[in-house]
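In case you want the letters, here they are:
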Amino acid sequence: MRSGVVGLAVAAVLAAALTGCGGDDDRAIPDDAALPAYLAPSGAPDFCTDLAASRELGDLPTSMGTLTTGPDVVARTQVSRAVQEMRNVLAEVRSEGGQEQLAAALEELVAALRSVLDGELTDPVRAAVSDGLRRVGEQAQPTCGFPT
């Protein structure tokens, strides 16, 4: 069980990897977003800002930690909102085209988060979410200018 909780720290790593600096994207990111200080570099696709503006990724480790102890309506609702946010980012990635690996990583993350909602939060499910978050961060970094 402890290894699963450690694996959830990957969400924090994703947030750290997504923290950017500089840029001229004029779309504001809410203060309660995963990365409120992120400014997309010039020419970055809109999905970069949308990914940084996720309000649910930052709460994911807490919600999944809560779900390891048993059912919780608030935590499940938060995970459900994270699924919707990532679906929205995925739709934007697909509409912009040219980011097949990022789209695949987002699809895997959405599927892993759906597994959280569909059943017991097992070690393999936690590992799939952690891996999905890591892959999304790795695939988004070069396009979005997120530091490594």
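Presented here is an overview of the structure given in this document. Note that this is a predicted model, so its numbers are computed, not measured.

What counts, and where the lines are drawn
- By convention here, each chain's residues receive numbers from 1 onward along its written sequence.
- Restriction of local features to residues with pLDDT of at least 70 applies here, the model being predicted, together with a cutoff of 80 or more for giving and counting side-chain atom pairs; totals for whole chains, interfaces and linings are based on all residues.
- Where side-chain values are given, they derive from all heavy atoms of the structure, hydrogens and water being excluded.
- Secondary structure elements are defined from DSSP: runs of H or I of at least 4 residues count as helices, runs of E of at least 2 residues count as strands, and each element is numbered from the N terminus.
- Contacts: residue pairs with any heavy atoms within 4.5 Å of one another.
- Only the protein chains shown count as cover for residues, with accessible areas throughout obtained via the Shrake-Rupley method and a probe of 1.4 Å.
- Relative accessible area decides the class of each residue, using a 1.4 Å probe on protein chains only: under 20% of the type maximum gives buried, over 50% gives exposed, and in between gives partly exposed.
- Pairs of N or O atoms within 3.5 Å make up the polar contacts considered here, provided that, within protein, one atom can donate a hydrogen while the other can accept it, and that residues adjacent in sequence are counted only when both atoms are side-chain atoms.
- Side-chain atoms within 4.5 Å link the members of a nonpolar core, which is a set of buried Ala, Val, Leu, Ile, Met, Phe, Trp, Tyr and Cys residues.
- Between N-to-C directions, angles cover 0 to 180 degrees, with each direction set by a line fitted to C-alpha atoms, over the stretch in contact for helices.
- For classification purposes, an angle smaller than 35 degrees is called roughly parallel, one larger than 145 roughly antiparallel, one from 65 to 115 roughly perpendicular, and anything else oblique.
- A crossing counts as left-handed when the near helix is turned anticlockwise from the far one by less than a right angle, and as right-handed when that turn is clockwise.
- Note on residue classes: Ala, Val, Leu, Ile, Met, Phe, Trp, Tyr, Cys and Pro are nonpolar, Asp, Glu, Lys and Arg are charged, and everything else, Gly too, is polar.
- Should a side-chain nitrogen of Lys or Arg be within 4 Å of a carboxyl oxygen of Asp or Glu, the pair is scored as a salt bridge.

When helices and strands are counted, the chain shows seven helices and zero strands. Secondary structure of the chain in N-to-C order comes out as α-α-α-α-α-α-α. Residue pairs in contact within the chain that sit at least 24 positions apart in sequence constitute 57% of those at least 6 positions apart. In the structure as shown, the chain presents an accessible area of about 7,300 Å², 53% of it carried by carbon and sulfur atoms.

By the element assignment, R134 lies in helix α7 (residues 123–144). In this structure R134 comes out as partly exposed when scored by relative accessible area, which is 37%. R134 sits 25 residues away from L109 along the chain, and the two C-alpha atoms are 9.3 Å apart. A polar contact of 2.8 Å, which involves the side chain of R134, links it to the side chain of E138.

Turning to the nonpolar core, a few remarks are in order. L60, V79, M86, L106, L113, V116 and V129 are the most contacted members of the largest nonpolar core, which has 38 residues in total. Secondary-structure elements contributing two or more residues to this core are α3 (46–52), α4 (60–68), α5 (73–96), α6 (100–118) and α7. By residue number, the principal contributor to this core is α6, which donates ten residues. Each residue touching M86, except ones within four places of it in the same chain, is listed here: L51, S54, L57, L106, L109, V110 and L113.

For any two helices packed against each other, one specifies the crossing angle of their axes together with the interaxial distance. Contact geometry of α4 with α5 gives a least axis separation of 9 Å together with a crossing angle of 135°. As far as their axial angle goes, α5 and α4 are oblique. In the packing of α4 onto α5, the handedness of the crossing is left-handed. Of the residues in α5, those in contact with L60, S63, M64, T66 and L67 of α4 are A75, R76, Q78, V79 and A82. Of the residues in the contact of α4 with α5, the class split is six nonpolar, three polar and one charged.

Note on placement: Q99 falls in the loop between α5 and α6. Sequence separation of Q99 and T143 is 44 residues, and the distance between their C-alpha atoms is 8.8 Å. Other than its neighbours up to four places away in sequence, Q99 contacts F47, V93 and T143. Only 3.2 Å separates the side chain of Q99 from the side chain of T143, close enough to count as a polar contact.

A few words on the pattern of salt bridges. Summed over all chains, the structure comprises seven salt bridges. Among the salt bridges present, the one from R126 reaches D123, with a minimum N-O distance of 2.1 Å. Separated by three residues within a single helix, R126 and D123 lie in helix α7, roughly one turn from each other. Note that R134 is salt-bridged to D131, the shortest N-O span being 2.2 Å. One end of the pair is R134 and the other is D131, both in helix α7 and three residues apart, which spans about a single turn. Residue D131 is classed as partly exposed on the basis of its relative accessible area of 31%. Salt bridges here are not isolated pairs; linked through shared partners, they connect D131, R134 and E138.

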